[in-house]
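Listed below, chain by chain, are the residues.
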Amino acid sequence: MTAKQLGKRLLQIAVVAAGITFLTFLITYLAPGDPVRTMYATAGIMPGEEIIQQTREAMGLNRPVLAQYFDWLQNCLRGDLGVSYAYNEPVSALLLDRLWPTLKLALFSMVLMLLAAVPVGMAQATHQNRALDYALRSLTFFGISMPNFWVGMLLMLFFCVRLQLLPVVCSAGDFKSLLLPAVTLAFAMSAKYARQVRAAILEELRQDYVTGARARGVAEWKVLWWNVFPNALLPLITLLGLSLGSLLGGAAVVEVIFSYPGLGSLAVSAITAYDYPLIQGYVLWISLIYMLVNLAVDVSYAYIDPRIREKRRGG
Amino acid sequence: MKKAKRRIALLLAALLSAGVMTGCGGSPANAPAAPSGPGGREDEVNQQAHEADRDTSGTRTMTFGIQNYSGGGLDPAREINCAWNNSRYGIGECLFKFDNEMNVVETLCDGYTVNEEHTEWVFHIREGVKFSDGCALTASAVEASFARLFEAGPQGSSAPQNYLEYEAEITADDVSGNLTVKTTRPYVDLTKNLAYPVMIILDVEHTADYNHAPIGTGPYAVTNFREGVGCTVSANERYWGGNVPYASIELLYMGDASAKAMALQSGQLDLAENVTNISDLQKLQADPNFTVTIANGVRTGLAHMNMAEGRLLSNKTLRQAVLMALDDDTMCSVTVGGLYTSGFSVLPSNLDYGYDKLTDPYAFDPDAAMKLLDEAGIVDTNGDGARELDGKEVVLHYVTYPNRCLSDFAEAIQQQLSSIGIGVNLEIGDSARQWDSYQSGDFDLNGSNWTTVGTGDPTEYLAAWCSTSGSDYCGYKNDEYDKLFNELAVTFDNDARRDIIQRMQQILIDDAAAVVHGYYNSSMISKNETIGGAAIHTADYYWITTEIYPAA
């Protein structure tokens, strides 16, 4: 990707992010619900309308929606994402606080997923339509069908309550706390990816270069790992980019179950409390990270696939 | 002369530096320390009974799983939940507190007087009380705490003016230890308002971060606040109320009720509040390793009826039939597994407002309900299974939200009403939608869960049925009720108030003015091996107290 192309993509990202934040702002305000009433309802209190209006005024919620949005955008360009209603902390600080735990969880679950999905997918492809393939296929169907929260609860029951090996509350920030949320996330993902790996490998196994390599007497494992696997990676990388983007936005359900302090649980609390500044900040973050990860994926194609590199060079 | 001046200067400098180094004369704040002495407030009989099981070393720690409200913030001026957090974590205290009957008990104030007009209150501040940083609690410190609350109040949403008007004139006299509060309007019982957690007294001179490390007079002080994770509170070695049983307590935020139960079973938690999942709670109750205490709180689960003109429920016979068709006992004990205690009045039966003297003319009797409807001509004329009233099908619009089993009640009510020919169009949304429908009047039944005596008095809550209160969301009009409600505002005598409130309840019952589900029970679950004395309080404001101690 040339510098000009990169600049163009970054500009697109900025425009799309601005559009997304505007839409979110609009939808949040148009949606039924009110942060002030929700806040009082949480405390089981029914104050008079006068108090409600005073509180709305204090929170700046009585101003026109557009004025509120442009103020937010202006401050956002200066790096100020506002102050959360629920936490009374700068939104950027809250997001940054949760970034590291989210990053750790996302990367670790991706690693676990790859460690499980690649060998399983490979085994399925090399044993196509045989007993092992059928058995593993059933397993992957099972993995995809099981909801995350259910897997999490089962793992919790077994490893935390029965064996007492791992903590239920995974907020300590150590390796033990990371393990169960990551395994839960990796469980469904690896089932999905194993099927993708299988399909990609089978596609490559039908190529002429594989027949050629085999005819030249190259060992089967060498063909598989040195020739087939790198070529099968390309479609998988696109999917990995999408998954990483979504994981970096936090895994709400899993984080809530394991009390894991990531961006997902922060987003849930923001939505529950109608915490407009935090919702805005979160949406901005997730849209940016999604687009940037995908940009990185596009850039990486050139390095992974020499054909694309050559084509871009005008060859 | 010069020498004398220098000596005085040196002396002042020495005093000043000592003051700077030691704050208000104490050792470093919040340092975990051994208990400071014999229990002051602990009930003696209770103390003796548990002495054998008690670890009195003061070195123990415990882990407490709690729900995270408002990010765990602790600034009472900012939000009501933050004020509750502050009180619940044992950090701050008010001049008064509520006992389990919701009567006020003197706490940081040890005596008061009030003039006849109830506009001038003189509170004597308890001597010998210190903040956790070692500074003495004085009348001036209380005055400063209120001043800060009023200054910060308009920027937050805890609305301190609800408890003490901004116009109140507050003066402190440190010599007599008196704090005088003069108000522009009479307060029936200001002590109850001052017991509400928003009115917590903090050391404003030395608190740098109200939301994460407020300095209070409670048995514990925040030593480590972790955003989104929890916080650690450590023993306040200067606690005026006696022995502080734990060196530190780890508070962990947890969002999932089943996870709370599993964390208790796995040994990661010693204590948890409000496991709201019925099956988990029952499992813990059956387990001899845990003690589950359940108490009637001050919350009533009910569905307000919209009795405004033109609405179906403006018809009293229909309202009576609705109440007679509902089996509250079964709903409370089976449908929601005992998380509610059934009752027929809008005020909880455990409060001192004469519940036992009330009578319920509309007890569960579905046959009688059908007969009543038939006799009133509310019958199914077109044979579609639903009765008609004034040519209109009786289908009630029921709005509620999934909180504290409200949606379970709504679904059960829908079924029971359908059996007597009353349809229910159920709308389960969120709390904001539910509240919006109060404003718009777009409901027949509105299911919610209200704190009835937040400040130890139900006046504000009872305003929902007073046509002149401005908070009448139910379109209800009863002259006698309105008259009694207005009488409450000028009746200062507690017995007389109790009598008025009892009469108001009976009027609402007789008029079939609300579908009362029951009274929400809060729970506290402790691990017997490590914890003793843990119990849930009627008021939702006290979780960590010195009554909770480590089992030996």
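These figures come from a predicted structure and were not determined experimentally.

## Some thoughts on the overall build of chain B
Then, in step 1: Scanning chain B from N- to C-terminus turns up 15 helices and 21 strands.
Then, in step 2: Residues classed as buried in chain B amount to 51% of the 552 residues present.
Then, in step 3: In chain B, of all internal contacts separated by at least 6 residues, the share reaching a separation of at least 24 is 70%.

## Regarding the overall build of chain A
Then, in step 1: Regarding its fold elements, chain A presents 14 helices and 0 strands.
Then, in step 2: If you list the helices and strands of chain A from N to C, you get α-α-α-α-α-α-α-α-α-α-α-α-α-α.
Then, in step 3: Taking the principal axes of the C-alpha coordinates as reference, chain A spans close to 85 × 60 × 30 Å.
Then, in step 4: A buried classification covers 37% of the 315 residues belonging to chain A.
Then, in step 5: By sequence separation, contacts in chain A at least 24 residues apart represent 71% of the contacts at least 6 residues apart.

## Some details on the interface of chain B and chain A
Then, in step 1: Listed by partner, the interface residues are 47 residues for chain B and 42 residues for chain A.
Then, in step 2: Secondary-structure elements contributing two or more residues to the side of chain B that touches chain A are α3 (80-88), β10 (248-253), α6 (257-266), α12 (431-440) and β18 (445-451) of chain B.
Then, in step 3: At 6 residues, α6(B) tops the list of elements feeding residues into the side of chain B that touches chain A.

## Considering the environment of B:Leu389
Residue and element names in this part refer to chain B.
Then, in step 1: If you trace the backbone, Leu389 turns up in strand β14 (residues 388-389).
Then, in step 2: For Leu389 and Asn315, which are 74 residues apart along the polypeptide, the C-alpha to C-alpha distance reads 9.0 Å.
Then, in step 3: Apart from the residues lying within four places of it in its own chain, the contact partners of Leu389 are Leu312, Asn315, Leu318, Ile378 and Val394.

## A look at the nonpolar core
Then, in step 1: A:Tyr282 and B:Val515 are the most contacted members of the largest nonpolar core, which has 233 residues in total.
Then, in step 2: The element best represented in this core is helix α8 (residues 175-205) of chain A, accounting for 14 residues.
Then, in step 3: Beyond its immediate sequence surroundings of up to four residues, A:Tyr282 is in contact with A:Leu95, A:Leu263, A:Leu266, A:Ala267 and A:Ala270.

## As for the pairing of strand β1 (residues 61-66) of chain B
Residue and element names in this part refer to chain B.
Then, in step 1: Burial runs high along β1: 5 of the 6 residues are buried.
Then, in step 2: Strand direction decides the pairing type here: β1 and β10, joined by 6 bridges, are parallel. Bridging from a neighbouring strand, Phe64 pairs with Leu251 of β10.
Then, in step 3: Bridge analysis of β1 against strand β11 (residues 271-273) gives 2 bridges, and the strand direction is parallel. Paired with Gly65 across the strands is Ala272, a residue of β11.

## Quick look at the pairing of strand β4 (residues 109-114) of chain B
On any regular strand, side chains alternate: one points to one face of the sheet, the next to the other face.
All names here are of chain B.
Then, in step 1: Strand direction decides the pairing type here: β4 and strand β5 (residues 120-125), joined by 5 bridges, are antiparallel. Within β5, the residue paired with Cys109 across the bridge is Ile125.
Then, in step 2: Hairpin connection, β4 to β5: the antiparallel pair is bridged by 5 residues, and His118 has positive phi, about 60°.

## Topic: the sheet that holds strand β7 (residues 178-182) of chain B
All names here are of chain B.
Then, in step 1: In spatial order, the strands read β4-β5-β7-β6; together these 4 strands make up an open sheet with antiparallel pairing. Unpaired on one side and paired on the other, β4 and β6 (169-173) mark the two borders of the sheet. Strand-to-strand twist of the sheet, defined as the mean angle between neighbouring strand axes without regard to direction, takes the value 20°.
Then, in step 2: Examined bridge by bridge, β5 and β7 share 5 bridges and lie antiparallel to one another. What sits directly across from Phe123, in β7, is Leu179.
Then, in step 3: Along the sheet, helix α4 (residues 139-152) contacts β5, β6 and β7; its crossing angle with β6, the most-contacted strand, is approximately 155°.

## Some thoughts on helix α9 (residues 328-335) of chain B
Residues and elements named next belong to chain B.
Then, in step 1: Taken together, the buried positions of α9 are occupied by Asp328, Met331, Cys332 and Thr335. Take α9 and look down its axis: the buried residues cluster within an arc of 115°, on one side only.
Then, in step 2: Residues of α9 that are buried make contact with β13 (340-341), α11 (406-418) and β19 (514-527).
Then, in step 3: The positive-phi residue at the C-terminal boundary of α9 is Gly337, with phi of around 55°.

## Digging into helix α12 (residues 263-272) of chain A
All names here are of chain A.
Then, in step 1: Most of α12 sits out of view: 7 of its 10 residues are buried.
Then, in step 2: Along α12, the residues classified as buried are Leu263, Gly264, Ser265, Leu266, Ala267, Ser269 and Ala270.
Then, in step 3: Along its buried surface, α12 packs onto α5 (91-126), α11 (252-257) and α13 (276-304).
Then, in step 4: With its phi angle positive at about 50°, Tyr274 sits one or two positions after the end of α12.

## Overview of the confidence of the model for chain B
Residue and element names in this part refer to chain B.
Then, in step 1: Here chain B averages 88 in pLDDT, while 89% of its residues score no lower than 70.
Then, in step 2: Low confidence marks residues 8-22, where pLDDT is under 50. Its contacts with residues over four positions away, or in another chain, come to 0 contacts.
Then, in step 3: This model gives residues 25-51 a pLDDT under 50, and the stretch forms 47 contacts once residues within four places in sequence are excluded.
Then, in step 4: Among the scores for the predicted complex, ipTM is 0.80 and pTM is 0.82.

## Brief notes about the environment of B:Leu484
Then, in step 1: Within the secondary structure, B:Leu484 sits in helix α14 (residues 479-488).
Then, in step 2: Counting along the chain gives 16 residues from B:Leu484 to B:Ile500, while the straight-line C-alpha distance between them is 6.3 Å.

## Structural notes on unusual backbone geometry
All names here are of chain B.
Then, in step 1: Positive phi outside glycine occurs at Ala159, with the angle close to 50°.
Then, in step 2: Among the structural elements, Ala159 can be located in the loop between α4 and β6.
Then, in step 3: One non-glycine residue, Asp390, lies in the positive phi region at around 50°.
Then, in step 4: Along the chain, Asp390 turns up in the loop between β14 and β15 (392-393).

## A short note on the packing of helix α6 (residues 131-145) of chain A against α8(A)
All names here are of chain A.
Then, in step 1: Look at α6 against α8: their axes get within 8 Å of each other, and the N-to-C directions meet at 135°. Classed by the angle they form, the pair α6 and α8 counts as oblique. Relative to α8, α6 is oriented so that their crossing is left-handed. Contacts between α6 and α8 involve Thr140, Gly143 and Ile144 on the former and, on the latter, Phe187, Ala188, Ser190, Ala191, Lys192, Ala194 and Arg195.

## So, the packing of α6(B) against helix α7 (residues 278-286) of chain B
Residue and element names in this part refer to chain B.
Then, in step 1: Two elements in contact, α6 and α7, have axes whose closest approach is 9 Å; the angle formed by their N-to-C orientations is 20°. As judged from the angle between their axes, α6 and α7 are roughly parallel. α7 is crossed by α6, and the crossing has left-handed handedness. Side by side, α6 and α7 meet where Ala257, Ser258, Ala261 and Leu264 of the first sit next to Asp280, Lys283 and Leu284 of the second.
Then, in step 2: When grouped by side-chain class, the residues that make up the contact of α6 with α7 number 4 nonpolar, 1 polar and 2 charged.

Thresholds applied
- What you see as residue numbers is a count from 1 along each chain, following the sequence as written.
- Chains carry letters from A onward and ligands carry numbers from 1 onward, assigned in written order.
- Where local features are concerned, this predicted model is filtered to residues with pLDDT of at least 70; where side-chain atom pairs are given and counted, the filter is 80 or more; whole-chain, interface and lining totals use all residues.
- For the purposes of this entry, the term helix denotes a DSSP run of H or I that reaches at least four residues, the term strand denotes a run of E that reaches at least two, and both are numbered from the N terminus.
- Each residue is classed by its C-beta neighbour count within 10 Å, where at least 20 other C-beta atoms makes it buried, 12 or fewer makes it exposed, and intermediate counts make it partly exposed; the C-beta atoms are placed from backbone geometry.
- It is the C-beta atoms, placed from the backbone, that decide contacts: two residues are in contact if theirs lie within 7 Å.
- We define the nonpolar core as any set of buried residues of the types Ala, Val, Leu, Ile, Met, Phe, Trp, Tyr and Cys, connected via C-beta atoms lying within 7 Å of each other.
- Any two strands with at least two DSSP bridges between them are considered paired.
- Orientation is described by lines fitted to C-alpha atoms, with helices fitted over the stretch in contact, and by angles between N-to-C directions that extend from 0 to 180 degrees.
- Here the arc refers to the set of directions running from the helix axis out to each C-beta atom.
- Each residue carries a pLDDT value, the predictor's own confidence for that position, ranging from 0 to 100.
- Small angles under 35 degrees read as roughly parallel and large ones over 145 as roughly antiparallel, with 65 to 115 read as roughly perpendicular and the rest as oblique.
- Note on convention: near helix rotated counterclockwise from far helix by under a right angle means a left-handed crossing. Clockwise means right-handed.
- As a working rule, the residues Ala, Val, Leu, Ile, Met, Phe, Trp, Tyr, Cys and Pro are called nonpolar, Asp, Glu, Lys and Arg charged, and the rest polar, with Gly in that last group.

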